[in-house]
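Understanding the architecture of this molecule
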Amino acid sequence: MTTARRRAGPTQARVAAVTLATLVIMVALAGRAHAATAYRYWAYYVAQANTWQFSQRGPATEYPVDGEVQGWRFAIQTEAGKGLAPRALPDFAKMCGSTPATAGQLRVGIVIDFGVGADAPTGEHPPGTEVSGCVHVAEGGSGADVLRAAAAVRIGTGADGGLVCGIDGYPANECATAVTTKPTPTSNAIPTPKATPTTTPLLTSPAKATASTPNTPAAASSSAPAPPVAAASSPVPTSASAPSIARTSRPPTLASLRTAANRTDHFPVGAVVGAALVVAVGAGASWRARARRR
Amino acid sequence: MSSRERTNRQLHPGAWWAWSLALGATATRTTNPLVLLLLMAAAGFTVSARRSPVGTRSFGFFVRLGLFVLAFRLVFETVFGAERSGNVLVHLPEVPLPTWAGGLHLGGAVTAQGMLAATYGGLQLAALLVCVGSANALASPRRLLRAVPGALYEAGVAVTVAMSFAPQLVTAAVRVRRARRLRGRSATGVRSWVGIALPVLEDALERSIELAAAMDARGFGRRGTASPGRRRLVAGSVVTGLVAVAVATYELLDATSPTIVGLPLLVSGTAIACAAVFFGGRDVARTKYRPDQWQAVEWLVVVAGLAPLAGVMLAGRLQPGSLHPTTYPLAVPALPWPAVLGIVLALIPAWFGTPQLPAAQAIAVRPARVAEPAKVGR
């Protein structure tokens, strides 16, 4: 019995070691998720009385009426509902004024705001500042239909199932990622139309929204009671959005977004290799199983 | 112990369970169908090469369960699918639901995007089931329970009886049906099941109780020499430690609670539980016939199992997006190379694990096995 004991002892120690290693890995994983205080995602807004309201419902269950304006804003949002709205005003007359009403169809204005460069994921730039336009959806269509009519949408799978992850390929891969860096106070102070209804030229003038990017930080720092951090960080969007200005020399339109879905894709080497591996290992498994049975 | 027995010894069940559960953990981190199918194929390959001679039916059962889950997921998507726009495959008649149903649909358009997303989700669940099944096939859970520390013997008996009941139900059903067929009575249809149910339940329960008695005879579930107060202290400490670990895990995984609480709680909870298990185990004497050994091969199996987990984590860093391929828009999934490399490494134990016992030897070994009073040939 003592020999059995002696043998069992080290085994238990090893089992404990494996358990401990698992715990360490778990803690390491948890630590990474834990540091996050904010999420970077496409927030969904619906205009009410000419101001943006964070939608309490998802786009699949939000049913627009004719003459409504819906907005999407990509940003680091600290708290749902009090975050960053699209920077352009929800001006239905400007977007859909020239579009005649059709029977059985709803006219819905849509604003897609790609946000500032500072909010972009590492290695990515917003493909533009913002686009707006008018789309037709069949009566009974949802906010999701409005968005799909306007742009190429990427929807999440797995844990992110059903979430709107990317619009027009931006961001390329991530989906509602938790970010470790806290958003700067200015981010919150970038004017939602509700806070500063008519003070900034960007919001009142229906001029090209893309051209007015440099105004945004200025508007932010002038409209907000600027704390020192705000002053320090106000140049960030300007510098970071420089490449986006370069890219928006040809600003994306709703039409260009629609065609962006069909990007050129090369031969899927990885998928073919993966499928071949699956077939090889699976065939090996069934062959061995059959050989065993014989 | 002769040298042949040494080379033919079965691997420590803990190693196979760690290998299989690491593969399962890999499956939880991705919805890429290539990775998931490869995981299932790897598990199947290893099982076909290395499964333990006793209890070989469980893997096929788990594979069928996985297929059922996948099919169920697809049926659900067809009926309640939320993905209404996209490439419509078929239009089902839609039942209008009131708005308070919260956007729930019944019927309507079935889209390729929705079905593909459901397939990926179903495959993930199926891969998890297959991995658990491979653990069951590679090392019987009863053998794993033999390695349970002494302080948990009492719980071990209850768990063993509970875990052996379901598999024995399956074997009993097969046996009773065969007997029915031999007597020339129909073994299919609802009516035959009524006649089968009672003998099957009776048989399975009887076998489980026999197993419990056999375990009791070998010292499982005994109280040992400790005083009641000491036993209560040990049991209380184990429970306290495990509860602390559970609470700490929640604290750590929940992004809104402060880390300052979780980490010390986790460490102290683990310490309490381990100490209680260690000291409690010294009070109980249990004979062990052919104790499972943990040697270099066992380490190899564990490391090989952890390889795909490491690979999938690396792939998450290097190839973001490849672990969760998009279904809207439809796209050919990319191959996360590190994960695939890890799965290939996980195949190593199929060759380097202990050689499997040929059937004749397996039967010769069976009667001597402890805590597995499975009746041979009945």
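For the structure, check the block above.
Within any chain, residue numbers begin from 1 and follow the written order of that chain's sequence. Following the order in which they are written, the chains are lettered starting with A and the ligands numbered starting with 1. Per-residue local features of the predicted model are confined to residues with pLDDT of at least 70, and side-chain atom pairs are confined, for both listing and counting, to 80 or more; whole-chain, interface and lining totals are unaffected and use all residues. Working from all heavy atoms in the structure, the side-chain values ignore hydrogens and water.

As a further point, take the overall build of chain B. Helix and strand definitions here come from DSSP, where helices need a minimum of 4 consecutive H or I residues and strands a minimum of 2 consecutive E residues; each element is numbered from the N-terminal end. The secondary structure content of chain B amounts to 14 helices and two strands. Each residue is placed in one exposure class: buried if its accessible area under a 1.4 Å probe, protein chains only, is under 20% of its type's maximum, exposed if it is over 50%, and partly exposed if it falls in between. A burial count over chain B gives 47% of its 378 residues as buried. Restricting to contacts in chain B with at least 6 residues of sequence separation, those with at least 24 account for 79%. Surface summary for chain B: the accessible area is close to 18,700 Å², and the carbon and sulfur share equals 69%. Working rule for contacts: check all heavy atoms of both residues, and any pair within 4.5 Å makes them a contact. Here, Shrake-Rupley sampling with a 1.4 Å probe gives the accessible areas, and only protein chains in the shown set may cover a residue.

All names here are of chain A. Counting buried positions over the 11 residues of strand β1 (residues 38-48) gives nine, a clear majority of the element. Any two strands are treated as partners once DSSP identifies two or more bridges connecting them. Examined bridge by bridge, β1 and strand β8 (residues 177-179) share three bridges and lie antiparallel to one another. Bridging from a neighbouring strand, Arg40 pairs with Thr177 of β8. The sheet contact formed by β1 and strand β3 (residues 68-77) spans eight bridges and is antiparallel. Bridge pairing in β3 places Tyr45 opposite Gly71. Sheet analysis places β1 next to strand β2 (residues 51-54), joined by four bridges and oriented antiparallel. Its bridge partner lying in β2, Ala47 is registered against Trp52.

Take the side chain of Thr270 of chain B next. All names here are of chain B. The topology assignment puts Thr270 in helix α10 (residues 259-281). Among the residues examined, Thr270 registers a relative accessible area of 13% and is labelled buried. Pairs of N or O atoms are called polar contacts if they sit within 3.5 Å, as long as, within protein, a hydrogen donor faces a hydrogen acceptor (for residues adjacent in sequence, only side-chain-to-side-chain pairs). Within the structure, Thr270 has its side chain in polar contact with the backbone oxygen of Leu266 (distance 2.6 Å).

All names here are of chain A. The buried fraction of β3 amounts to 10 of the 10 residues, a majority that puts the element mostly inside the structure. Here β3 shows a buried face lined by Glu68, Gln70, Trp72, Phe74 and Ile76 and a second buried face lined by Val69, Gly71, Arg73, Ala75 and Gln77. Of the pairings in the sheet, the one linking β3 to strand β4 (residues 105-113) comprises six bridges and is parallel in character. Bridge pairing in β4 links Val69 to Gly109.

Further remarks concern the packing of aromatic side chains. Ring pairs (aromatic) are described by centroid distance and by the angle formed between their planes. All names here are of chain A. Stacked, tilted and edge-to-face are the three classes assigned to paired rings of Phe, Tyr and Trp, where Trp is represented by its six-membered ring and a pair needs centres within 6.5 Å; plane angles under 30 degrees give stacked, over 60 edge-to-face, the rest tilted. Going through the model one piece at a time under the given rule, you end up with 14 aromatic pairs over all chains. Where Phe74 meets Tyr170, the ring centres are 5.0 Å apart and the plane angle is 65°; that geometry is what we call edge-to-face. You can see Phe74 sitting in strand β3 and its partner Tyr170 sitting in the loop between β7 (164-167) and β8, a full 96 residues away along the chain. Exposure remark for Tyr170: the relative accessible area of 2% places this residue in the buried category. Taken together, the ring pairs connect Trp42, Phe74, Phe114 and Tyr170 into an aromatic cluster.

A word on the environment of Ala235 of chain B. Residues and elements named next belong to chain B. For Ala235, the location among the structural elements is in helix α9 (residues 228-253). For Ala235, a relative accessible area of 43% puts it in the partly exposed group. Linking Ala235 and Val277, residues 42 residues apart in sequence, is a C-alpha distance of 8.7 Å.

Treat this as a map of the structure, not an account of what it does.
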